Every structure is written in C-alpha cells, then in structure tokens.
Amino acid sequence: MSIMVLLFAEMAVASVSPVEAARSALPDDRPEVTWQATDHSWRGGSWVVFEPRVHDLPVLERRATVDVAPDARVRASTLPALSVPSLTAPRLTESEAVVYAEALAERLGEGQLWPAWGELVYQPVDDELQLAWSVHVSTASPPAQWRVSVDAASGEVLRTNKISASAGADVWSRSPLEGERTTVELANLGESDTLAGDYVVTASCVTAELGDDLFGATDCGVSEALAVSDEDGDFFFAHAPESFDDPQAEVQVYHHVDRIASWLDETYGFRHARPLRGFVNFEMANAFYGDFDGDGVGDVSFGQAEAGVDFAYDADVVYHEFGHSVVGALAAVPGLTADKAGLEWAGGSLNEGVADVFSMLLTASPSVGPYVGEAFDRSAIRELAEDRRCPDDLRGEVHRDGEILGAVAWNIMTDPRVPEGTMGDLLMGALPQWGPDISWKKAGRSFQVAADDLLEVGAMGPEAHAAVNEHLSAGNLPDCGRAIPVVLGESYDMYMMKSGLGGDLARVPLGTQFEIVVPEDASSIWFDITSEPTVGWSIFGRLGEPVGHDAFVVEGLGIGTAVPVQYDWTVDGFGPGGVRLLPGSDFPLQPGSTLYVSVSSWSGDALDFDSVFDLERITVSTRLSTAEEGVEVVPGACSSGGGLAVGWLGLAALAVARRRA
C-alpha cells in the first residue's frame, strides 16, 4: 500500500507544470496583485518570469523570477517589493501625457517615426508605486524609440528608457565577401507570393525621411514587399546593394532571420509571439532593433551606407539584431542607470554583448560583421578573439564594453573541454535572471547559476562546468567592480557623456573610476587627459576609497545620472591637461596608498543645447616620477596648489575646490 502511495506521489509531482510549481513561491496576501507568467524552459529546467499587475495595471521594472528544476522543485526565487499605491485613477488623460512625452522627445532628437501612444502603468519611484502613463515616443534623427513614464497626476516625467538598440557600424551564407551566392530553399514560407513566413516578414521602406548626420534617419512609415515570387514560386534576383529597390536585400534578411529564429525554436523552444518584421532598402549607415513602424512590436531594420555597403547583406548583423529581440523577450535590462560609482552602462553593454554572442553562435567566428566593417575601414565591426577583462576593459560605450562578454563567450565556445552548444545553453539559462538592476557582477553570477543548473540535471559534466567557471573568472565577470586597476604608463581610451547643461548636470561621470596603487618610492604622479580643445572635463580624487556619487533622476527628463559628492580634491579643465600629485601639496600623494580618480564631463559656463548627451572621446593616462623635481608649470598654463598644471594646449577655464564627505 505504501508503495502505491509513493508511486502516486511521484506521478503527481511529475504532472505539475513549471508555472504551477513556481506560483507556490509567490506571496498570496495581496488580492489586488496578480501575476502574469512566462515559462522559459531550457536544458537546465525552467525560469518562470512573473510580471506583476496591481489593480490590473502592469508594474514596470518589477518582476519575479523563479528557478524550477525538471522535477518541479523550486530551486531559487527573486521576489519584488510592491508598495500599496496611493493613486488608482489618473488625473491626466492619455493625450495630455503624450504632450509631455513629445516635448521631452524634442530634446532627445528630431522628427517622429510614428504617432506616440500611451498606456496606464505603475512606475516604481523610490520604492513607491506611482500611477503613470507609459508613453511610447520616437525620434527620427537619431532613429530611436523611447518609453517615457509620465506621472498620471502631475505630468512630471518620472523615467525615460530607450527601448531600441542598434549595431555600431541566391544568398550568401554570410556576406558578399564569400564570392558567389549559393542556391538554397527558403524555409517556413506561407502561401503568400512575398517573403512572409512563420518567423519573419520582410519589406522595403518606401518612404524615408533622411537626416543630415552620418547615420541618416527613416520612419519606415510606408513599406512594400519588392521580393515577389516568380511563376515557379522562386525568389531569384540580381543583387544591387547600392539600390533602394533591391529585392535581394529582402531575401537575405528573410533567410538569415529564419535561420536563427528556427534554430532557437527547435533547440530551445523560443519563438516570438508573431513573425518579426524586417525592413531594408533605406539610407542609413546602421542597423537597429526597435519598433520602427509604430505598431507596438519590435522589428529589425537594415540600412545602406553611402559606400554601397548594404547591412542586410551581412548575416552577422542580422543575427546580432535578432539577438537584441531575444534579450528584449527574455530579460528586463535598462539602457543607462546611475549609482554611487557613477553612470552604469551594464544593461546596454550586456545587451550588445549578448547580441554579438548570438552572431558568433551562428557563424562560429569571433569577427563580427567583416563585410559591414568595410564601410568604416575596419576588418570587422568587432573582433572578439582577444581576451578581455572586467572592469579593466570597460570604456563607457555599450558596443565597446559588450566586447568583454563576447570575448569570454568565444573562449568558452572554443574550449575543447566544453561541449558544442553549451554557450547557447548558458545564454538561455542566464537571460531570464536579468532585471532592471543588472550589473556585470550579477550577469557573471547568472552564468554561474546557469552552469550549476546544467550540471545538476546532467546536461553538463564536471570538467565542462569547471572550464566555464574558469573563463568567467578569467574575464572577472562574477566579481567585476567599477574601478579600473591602472597600470602606470598605460593609456585608456574612454567615452564620456557630455550634458551640455548646467547646475548638477554640468558634470556627467564616467561609469568606471580609476584605481591607482601608488608605489612606495613614488614622488610624483601625473594624471593626464588628452581630448579635443573644446572638450571640458573634471577630475575628482579620493584616497583609500572610491569617489562617491549621489545618483538621481533628471527632473523633466527621467534619465538617471550622478554627481560626485565624496572626494578630496577636484580639478576642472578644457582640452589636453591634467593634475600632478605631490606629497604635502593640495593634491596630495601618499606613497603606498590607493588613489581613486573619477572623471566627469564638464560643460563649464557655456550651455550647449545642440550637443545634449553627446559622447566625447578622451584618453586617460598616468605618468610616474621617482626623482625629486620641482613643480612643473608649462608656459601659458594655469597652476594652483603647488601640484597642478592644466590645459597646456589652451586652458578655457579652471576651477579648483576641496571637499570632504
């Protein structure tokens, strides 16, 4: 009798779905809270993601994730805190909220791709739920899609998130660099005479409003399928990458989106709720993922550079952009946030890194986009075979920083101890763990959790498990901090956001600081910045601890930034310059200590509304002197405090302050 009961119990457990098992981890004491579940099954079990709804309205930036083993056992869960909202009915209409959001969009770019629209949501603000209109707006130049949360009572902009993504820079199985095309059978087509299939529908942009900048712009407001089958149902066309009436571009995108989408469906059971739309044949030296036809669903789009390079012809780029769509479906990553260390680019950087990894999984090559790279005189958009380490290789630009993940992934993919396909398994197990608070450290640990789950269910052996963890540790992903350990004498190319504004926004910090271990015999260290003469900067130094920042959301913009508040000294300047540290000076050097330096952009006294939130490139370097020497003052430069020489190629402004907190 006891044996029969035991067998029945085992059958009952086996019949429990992952979602049913995961619901047991959710709190049930709030009748106004409901949870919408999505089951992301993978080789290691299931990640069940629950999106909360309060009073039947979605709650942004809050979700529960539950790790369910194949035997329906809950292994781990992350549950969000949900406060009781004070407002349940809006005081602003949707159209009024749209006006506020469109006014903000005018500060982020020019033009509009499609009419804005909004939905009621709850937006978390300082752990409180505020009723808001989530308004989807677009800009045509640069082409981008934004989600703006507008307070439903006051009209205040609470948050602004960029929710589109882009890549920097017969059929070919990869690109025209291969020479001749190969005849293939286009799979998963429907009964239409155009390229409309189970996973993708392609079309060409008929209308394209072009901008004057490098990348151009388009609204893809009107599209048309140029690739129409012949009487035999085939799609044979000559290729014309310089033409905007090129049906072959539609064929290329259809084939490669279908390839990666069907692979994900067959291997992991992942597919989008409806076929993805792919747009081609418009002037833009870029490719992007986002809702660019205004129907509320993300698309992939591929422009053409002036040099006659068609991004649709590069399979790497197609796989990369589709990778963004997978991240959008499985993870909840922000583009840019801020914290006590400065700006936090991890969300956008990891998004770009994952997209590159998807490309490598399909091409088995660490050179991402060699064909499109020609448009920018490069061997490829990105080369990922070289080892990279976090935070040493963080530079403050999402595509560049994403190379860290790409390099770690390539090392895992090429390690003979790791079975083929494991990197894809790790991605599908890690992505559902990523939320709005994602960081490089949390991402690294999510891959460790995915590896542990694969080991537990027998989908990965101990040797492969150890190898994966070795590569994650070599890249320092699970322990990545926010300060680059400086090698004295080395240079670091960084990307710095310029606000063009004043007040607390006059300075926008980098996402990483610099950690300098001062040698015992050092008598002088220079911290130098090389930049264009018009680029303003601020240097903040602190002994023993990282420079502390107050993070805040910019009122009226809803964008996160930070201002330095804990430091020992600071220097402002324009163009090439820096600060020299000496023992006993106003900019003290303590041999044997650790010095942390934070660099911010600085707008000075001149507001520049034409370059709001532009990226500027600077080079940071250090110089060490162990010989006794006097204070160096370069002719034409300004100095102060016995240890400062700034702007020796023309100083526009100088401000020195000391502050301890």
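Predicted model only: the values in this text are computed from it and were never measured.

> Just to check I follow, could you spell out the side chain of Asn476 for this structure?
For Asn476, the position within the fold is in the loop between helix 11 (462-474) and strand 20 (483-485). When sequence neighbours within four positions are dropped, the list of residues in contact with Asn476 reads Arg389, Cys390 and Pro391.

> Help me understand the side chain of Thr570, please; the structure alone is not making it clear to me.
Summarising the element assignment, Thr570 is placed in strand 28 (residues 569-574). A distance of 3.1 Å separates a polar atom in the side chain of Thr570 from the backbone oxygen of Ile539.

> I would appreciate a short explanation of the pairing of strand 24 (residues 524-530) in the present structure.
On a regular strand, each side chain points to the face opposite its neighbour's, so the side chains alternate between the two faces of the sheet. Counted residue by residue, strand 24 has 6 buried out of 7 residues, so it is predominantly covered. Both strand 24 and strand 29 (residues 577-581) contribute to a ladder of 5 bridges, which runs antiparallel. Residue pairing for strand 29: Phe527 is matched across the bridge by Val579.

> Mind showing me how you'd approach the packing of helix 5 (residues 315-330) against helix 6 (residues 346-363) here?
Helix-helix packing: each pair is described by the crossing angle between the helix axes and the interaxial distance. Two elements in contact, helix 5 and helix 6, have axes whose closest approach is 7 Å; the angle formed by their N-to-C orientations is 130°. It follows from the interaxial angle that helix 5 and helix 6 lie oblique. The interaxial crossing formed by helix 5 with helix 6 has right-handed handedness. Of the residues in helix 6, those touching helix 5 at Asp316, Tyr319, His320, Gly323, His324, Val326 and Val327 are Asn351, Glu352, Val354, Ala355, Asp356, Phe358, Ser359, Leu362 and Thr363. A class-by-class count of the residues in the contact of helix 5 with helix 6 yields 7 nonpolar, 6 polar and 3 charged.

> Help me understand the sheet that holds strand 9 (residues 157-162) in this model?
Strand-to-strand pairing in sheets goes through backbone hydrogen bonds, with the strands running parallel or antiparallel. Read from one edge to the other, the open sheet built from 4 strands follows the order 6-7-8-9, with strand pairing classed as antiparallel. Each edge of the open sheet carries a strand with a single partner, namely strand 6 (117-125) and strand 9. In this sheet, adjacent strand axes meet at a mean angle of 30° when their direction is disregarded. On top of the sheet, helix 3 (residues 94-108) reaches strand 6, strand 7 (128-140), strand 8 (143-151) and strand 9; it is set at about 55° to strand 7, its chief contact.

> When you look at the nonpolar core in this model, what are you seeing that I'm missing?
Within soluble globular proteins, side chains that are nonpolar tend to cluster in buried spots. Counting 84 residues, the largest nonpolar core has Phe302, Leu426, Trp434 and Trp440 as the members making the most contacts within it. Ranked by the residues each element gives to this core, the list is headed by helix 4 (residues 247-268), at 9 residues. In this view, Leu426 contacts Ile412, Phe447, Ala450, Ala451, Leu454, Met460 and Val468; residues no more than four positions away in its chain are not counted. Core analysis: the next-biggest nonpolar cluster, separate from the first, contains 43 residues, Ala21, Val33, Leu108 and Leu505 among them.

> Sorry, what's going on with the confidence of the model for the protein here?
Close inspection of predicted coordinates is inappropriate in any region flagged by low pLDDT. Residues of the protein with pLDDT of at least 70 account for 88%, and the chain-wide mean is 86. Element-level mean pLDDT values for the protein span from 31 in strand 32 (residues 655-657) up to 98 in helix 11. Long-range and interchain partners of residues 1-14, a stretch whose pLDDT sits below 50, account for 2 contacts in this model, where long-range means more than four residues apart. The low-confidence segment residues 210-218, where pLDDT is below 50, has 28 contacts with residues more than four positions distant or belonging to other chains.

> Looking at this structure, I do not really get the pairing of strand 29. What am I missing?
Most of strand 29 is tucked away: 5 of the 5 residues are buried. With burial as the criterion, each face of strand 29 is covered, one bearing Gly577, Val579 and Leu581 and the other bearing Gly578 and Arg580.

How each quantity is defined
- Residues numbered from 1 in each chain as written.
- Predicted model: local features only at pLDDT ≥ 70, side-chain atom pairs only at ≥ 80, totals over all residues.
- Heavy atoms only, no water.
- Helix = DSSP H or I, 4+ residues; strand = E, 2+ residues; numbered from the N terminus.
- Contact = heavy atoms within 4.5 Å.
- Polar contact = N/O pair within 3.5 Å; in protein donor to acceptor, adjacent residues only side chain to side chain.
- Buried < 20%, exposed > 50% of the residue type's maximum accessible area, 1.4 Å probe, protein only.
- Pairing = 2+ DSSP bridges.
- Axes fitted to C-alpha atoms, helices over the stretch in contact; angles between N-to-C directions.
- Parallel < 35°, antiparallel > 145°, perpendicular 65-115°, else oblique.
- Left-handed = near helix turned anticlockwise from the far one by under 90°.
- Nonpolar A, V, L, I, M, F, W, Y, C, P; charged D, E, K, R; others polar.
- Core = buried A, V, L, I, M, F, W, Y, C linked by side-chain atoms within 4.5 Å.
- pLDDT = per-residue confidence, 0-100.

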